[in-house]
Amino acid sequence: MSPIMSRASVLIAPALALAVASGAWAPCPRTCRADDAPAVDLVVKAGSPAGEISPILNGVFFEDINFAADGGLYPERVKNGSFEFDDPMMGWRRPALVAGGAVGGFGVVGDRPIHPNNPHFLRARLERAGAGLPLTNEGFRGIGVTKDAAFTFSVRGRSEPEKAGAMALVVQLVAADGRPIAAAQRLEGFTRDWKAYSCEVISTATDPRAKLTITVQGAGTLDLDMVSLFPRDTFNGRPGGLRPDLARLLKDLKPGFVRFPGGCIVEGRTLAQRYQWKTTIGDRAERRLIMNRWNVEFSPPRNAPDYYESMGLGFLEYFQLCEDIGAKPLPVLNCGMACQFNLAELVPAEDLDPYIQDALDLIEFANGPATTTWGARRAALGHPGPFGLTMIGIGNEQWGPQYIARYERFARAIKAKYPEILLVSGAGPGPADGPGDDRFSSAWDALRKLNADLVDEHFYMPPDWFYSQVHRYDGYDRKGPKVFAGEFASHVRDKRPAFGANTWEAALSEAALMTGLERNGDVVRLASYAPLFAHVEAWQWNPNLIWYDNLRSMGTPSYYVQKLFGVNRGTTILPVRLDDAAEKLYACASLDARTGQVVLKIVNARPGPRDVHIRLEGVSSVRPTGEAQVLAAPDLNAVNTLDDPTRVSPAIGPAEGLSADFHRAVPGYSLTVLRIGTNDKR
Ligand code: AHR
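Residues numbered from 1 in each chain as written. Predicted model: local features only at pLDDT ≥ 70, side-chain atom pairs only at ≥ 80, totals over all residues. Heavy atoms only, no water.

Quick look at the pairing of strand β1 (residues 40–45)
At step 1: The buried fraction of β1 is high, at six of six residues.
At step 2: Both faces of β1 are covered, namely the face carrying Val40, Leu42 and Val44 and the face carrying Asp41, Val43 and Lys45.
At step 3: Summarising the sheet, β1 and strand β30 (residues 610–617) pair through six bridges and their orientation is parallel. Paired with Asp41 across the bridge in β30 is His613.
At step 4: With three bridges joining them, β1 and strand β27 (residues 576–578) adopt antiparallel strand pairing. Looking at β27, one finds that Val44 is bridged to Val576. (Buried < 20%, exposed > 50% of the residue type's maximum accessible area, 1.4 Å probe, protein only. Helix = DSSP H or I, 4+ residues; strand = E, 2+ residues; numbered from the N terminus. Pairing = 2+ DSSP bridges.)

As structure tokens, this is what we get:
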């Protein structure tokens, strides 16, 4: 039976007993006054637990869209440091005139590269040394530096003639206005063979749009590749690690899982452009850069000609991130289908085996002992222990019989070798069938017959749809495949620039739907907002959960909704009953076995405060003081910005006057989380 109880209630609201301060919304969890409407009765059936909530219900979905990897979470400051973009000098600028008498030039060539996956590099040839030939990198919409921040500049180089001091490279960080903002560093001693060179660069100023100039000095040839300026300050101090503020925002969500690396980028516009995990691990100079499909997906100005995937953030780093933030990894692999919105290229059935092998090898890479081929590879990369992979996505939002046929082949092979691994399968791009379109129901029908583990549903829909779907999962078959609400976001009609589409209106409707996800936490096992990250000057998709520029970052109102659900995830579903007066009021409750608390979440989608009469059934005694976390804003258009990043963010404080039968005024347009301590042993 569904954990939601019948909607009708015979309870009669008693007189209000509210802690009243002012009628206006205030960010204090205790001081709001209900409007004149009668109290809404809310019963929590604390004595009738109705199933376990997935311990990893709320997670995150990382896709390299909106410059989420290069230019975002992966904090490399040099764009196109490997000279592998289709325009091989993109990101680099040569002065029209070179002062100082040098005669020579730059070219991108490919004889004897570092590795076949990285076939091009920069060749500087100087006939006359003069003062050298400079080249400037613009970074990702500039290079973000803060005063006193330390960076490692590194490069692979080789030279002719091989003579100590014949060729040198001078490294200089400059501000947007061209002023030097670090002591110049000189690298020399280049030899005939590729070698790595590095030096430290310390910024003397803060500038979100600094640039990096490298100047080749000497008469002769200097080959350069993998030019890098990498911050020393990374998340968890990992060398070559992640941008700390962004990774911290992720960790603060307490995500149960991380789905990576996409999304449509897994599929590719063509199969040749699909994501292939094996070319994303190991020495960064040996990883294969590909064009990011969001480079060309949209028309100007939302295209991004300089959007590529360096794979600096590769599969080892994704697994490591999961470990660092305590989340389960959920990698998604191409299933032999390119994006069905683009060319819908298909791998013929007889050529599918290498794709399946990639999946089997990935499981071995993540979990296998160091005595296995791929387990040994993981160990050699510095992680001897397993990553604890328990699930894997087969394709992204695929649909149709071609998908089902391919999914079956993957499922058969994976389950034969790794029966414990859960498989996530697609159900198409929408949450329901449309006119003349049965992609959703036909996927579900087929996957049900195949006893699929988890079916991935995607919903990018308007706020009204979110409210209409609060009970979506109440009637789902408890014995069938489980649900992964893998990509969702409420889309307000007006796609205002940058974070402007991340309104409180959108977030509040997501909160309402999420009460339905948690209340059905026995069947909805995983849920994640999408997309996750966006650079304010380089985005393609809107809205997104977290926005940033080169130095700052912020969570949207939707971020704080995710956070309140993530950090307050209970362990057991407690049914709730709301009376008929509960129009636009939504709730779910759980028991948190770790703390013994009842966790109650209430969404008030009306403008005025509401008096909620809360009864905890089946609880003998309640501690009078608990905790309230309230996310509210009087204006549905409210947004967070980089200048005002916490305008819509939770107010946290004690919740007083709690008992097994009490009143709580919830503010207009709010999400309230009450953590209620009981004295019962469970
Ligand atoms: O989240 C953006 C895109 O939306 C994802 O790549 C895709 O899965 C969906 O269509």
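Examining the side chain of Asp611
At step 1: Checked against the element boundaries, Asp611 lands in strand β30.
At step 2: Comment: no salt bridge for buried Asp611; closest opposite-charge side chain is Arg664, at 9.2 Å.
At step 3: A polar contact of 2.8 Å, which involves the side chain of Asp611, links it to the side chain of His663. (Lys, Arg positive; Asp, Glu negative; His and termini not counted. Salt bridge = Lys/Arg side-chain N within 4 Å of Asp/Glu carboxyl O. Polar contact = N/O pair within 3.5 Å; in protein donor to acceptor, adjacent residues only side chain to side chain.)

Some points on the sheet that holds strand β5 (residues 121–128)
At step 1: The five strands lie next to each other as β4-β5-β13-β8-β11, forming an open sheet whose pairing is antiparallel. The open sheet has two edge strands, β4 (103–109) and β11 (195–202), and neither has a second partner. The mean angle between the axes of side-by-side strands here comes to 30 degrees, regardless of whether they run parallel or antiparallel.
At step 2: Sheet analysis places β5 next to strand β13 (residues 220–231), joined by five bridges and oriented antiparallel. When the bridges of β13 are listed, Leu122 appears paired with Leu224. (Axes fitted to C-alpha atoms, helices over the stretch in contact; angles between N-to-C directions.)

Looking at the environment of Cys264
At step 1: With respect to the secondary-structure elements, Cys264 resides in helix α2 (residues 264–267).
At step 2: Excluding its chain neighbours within four sequence positions, the residues that come into contact with Cys264 are Glu63, Arg293, Trp294, Cys339 and Asn396. (Contact = heavy atoms within 4.5 Å.)

Some remarks on the pattern of salt bridges
At step 1: Under the counting rule described, the total for this entry stands at 38 salt bridges.
At step 2: The salt bridge involving Asp643 is made with Arg552; its shortest N-O contact spans 2.8 Å. Of this pair, Asp643 sits in the loop between β31 (626–632) and β32 (651–655) while Arg552 sits in the loop between β24 (546–548) and β25 (553–555), and the two are 91 residues apart along the sequence.
At step 3: Assessed through its relative accessible area of 36%, Arg552 is described here as partly exposed.
At step 4: The closest approach of N and O atoms between Asp592 and Arg594, which form a salt bridge, is 2.9 Å.
At step 5: On the accessibility criterion, Asp592 (4% relative accessible area) is buried.
At step 6: Salt bridges here are not isolated pairs; linked through shared partners, they connect Lys79, Glu138, Arg141 and Asp306.

Looking at the packing of helix α4 (residues 353–367) against helix α6 (residues 400–417)
For any two helices packed against each other, one specifies the crossing angle of their axes together with the interaxial distance.
At step 1: Orientation of α4 relative to α6, taken along the N-to-C sense of each, is 35 degrees, at an axis distance of 10 Å. Handedness of the α4/α6 crossing: right-handed. Packed against α4, whose contacting residues are Asp353, Tyr355, Ile356, Ala359, Leu360, Ile363 and Glu364, the element α6 presents Arg409, Phe410, Ala413, Ile414 and Lys417 at the interface. (Left-handed = near helix turned anticlockwise from the far one by under 90°.)

Brief notes about the layout of surface pockets
At step 1: In this structure, the largest pocket occupies an estimated 620 Å³ of space.
At step 2: Lining the largest pocket are 35 residues; nearest its centre among them are Tyr74, Glu76, Met226, Ser228 and Arg284.
At step 3: When contributions to the lining of the largest pocket are tallied by element, the ones reaching two or more residues are β8 (150–160), β11 and β13.
At step 4: When residues in the lining of the largest pocket are grouped by element, the largest group, five residues, is from β13.
At step 5: Residue composition of the lining of the largest pocket, grouped by class: 15 nonpolar, eleven polar and nine charged. (1 Å grid on protein atoms, 1.4 Å probe; cavity = no way out; pocket = protein on both sides within 12 Å on 5 of 7 lines; lining within 4 Å. Points joined across faces, edges and corners; volume = space filled by probe spheres on them. Nonpolar A, V, L, I, M, F, W, Y, C, P; charged D, E, K, R; others polar.)

Let's talk about the sheet that holds strand β14 (residues 257–260)
At step 1: An order of β2-β14-β17-β18-β19-β20-β21-β22 is seen for the eight strands of this open sheet, with the pairing classed as parallel. The open sheet terminates on both sides in strands that have one partner only, identified here as β2 (60–61) and β22 (524–529).
At step 2: In this structure, strand β17 (residues 328–333) lies alongside strand β18 (residues 391–394), joined through two bridges in parallel fashion. When the sheet's bridge partners are listed, Leu333 is paired in β18 with Ile394.

A few points about the packing of helix α1 (residues 244–252) against helix α3 (residues 315–325)
At step 1: Two elements in contact, α1 and α3, have axes whose closest approach is 10 Å; the angle formed by their N-to-C orientations is 55 degrees. One way to sum up the angle between α1 and α3 is to call them oblique. Note on packing geometry: the crossing formed by α1 with α3 is right-handed. Contact residues: α1 offers Ala247, Leu250 and Lys251, while α3 offers Leu321, Asp324 and Ile325.
At step 2: For the contact of α1 with α3, the class distribution of residues is four nonpolar, no polar and two charged. (Parallel < 35°, antiparallel > 145°, perpendicular 65-115°, else oblique.)

Things to note about the nonpolar core
At step 1: By size, the foremost hydrophobic cluster in this structure holds 125 residues, and its most contacted members are Phe62, Phe315, Ile392, Ile414, Trp504, Phe533 and Ile546.
At step 2: In terms of domain composition, this core takes at least three residues from each of domain 1 (7–52 + 572–677) and domain 2 (58–75 + 234–567).
At step 3: Beyond its immediate sequence surroundings of up to four residues, Phe315 is in contact with Phe260, Pro261, Tyr275, Trp277, Thr280, Ile281, Pro331, Leu333 and Leu362.
At step 4: Counting 39 residues, the second-largest nonpolar core is a separate cluster that includes Leu122, Leu133, Ala149 and Ile214. (Core = buried A, V, L, I, M, F, W, Y, C linked by side-chain atoms within 4.5 Å. Domains from an automatic or database assignment.)

Observations regarding empty space enclosed by the protein
At step 1: Taken as a whole and assessed by the stated rule, the structure comprises six cavities of 30 Å³ or more.
At step 2: By residue class, the composition of the lining of the largest cavity is four nonpolar, five polar and three charged.
At step 3: Per-domain counts for the lining of the largest cavity show at least three residues from each of domain 2 (58–75 + 234–567) and domain 3 (92–231).
At step 4: A volume near 80 Å³ is recorded for the second largest cavity.

Quick look at the pairing of strand β33 (residues 661–666)
At step 1: Judged by how many residues are buried, β33 sits mostly within the fold: five of six residues are covered.
At step 2: Both β30 and β33 contribute to a ladder of six bridges, which runs antiparallel. Residue pairing across strands places Arg610 opposite Val666, the latter belonging to β33.

Here's the deal with unusual backbone geometry
At step 1: Between Phe260 and the following residue, Pro261, the backbone shows a cis peptide bond with an omega angle of -5 degrees.
At step 2: Counting through the fold element by element, Pro261 comes out in the loop between β14 and α2.
At step 3: Cis peptide bonds are those with omega within 30 degrees of zero, and the linkage from Pro300 to Pro301 qualifies with 5 degrees.
At step 4: Checked against the element boundaries, Pro301 lands in the loop between β15 (290–291) and β16 (308–309).
At step 5: The phi dihedral of Phe67 is positive, around 60 degrees, even though this residue is not glycine.
At step 6: Relative to the helices and strands, Phe67 resides in the loop between β2 and β3 (92–93).

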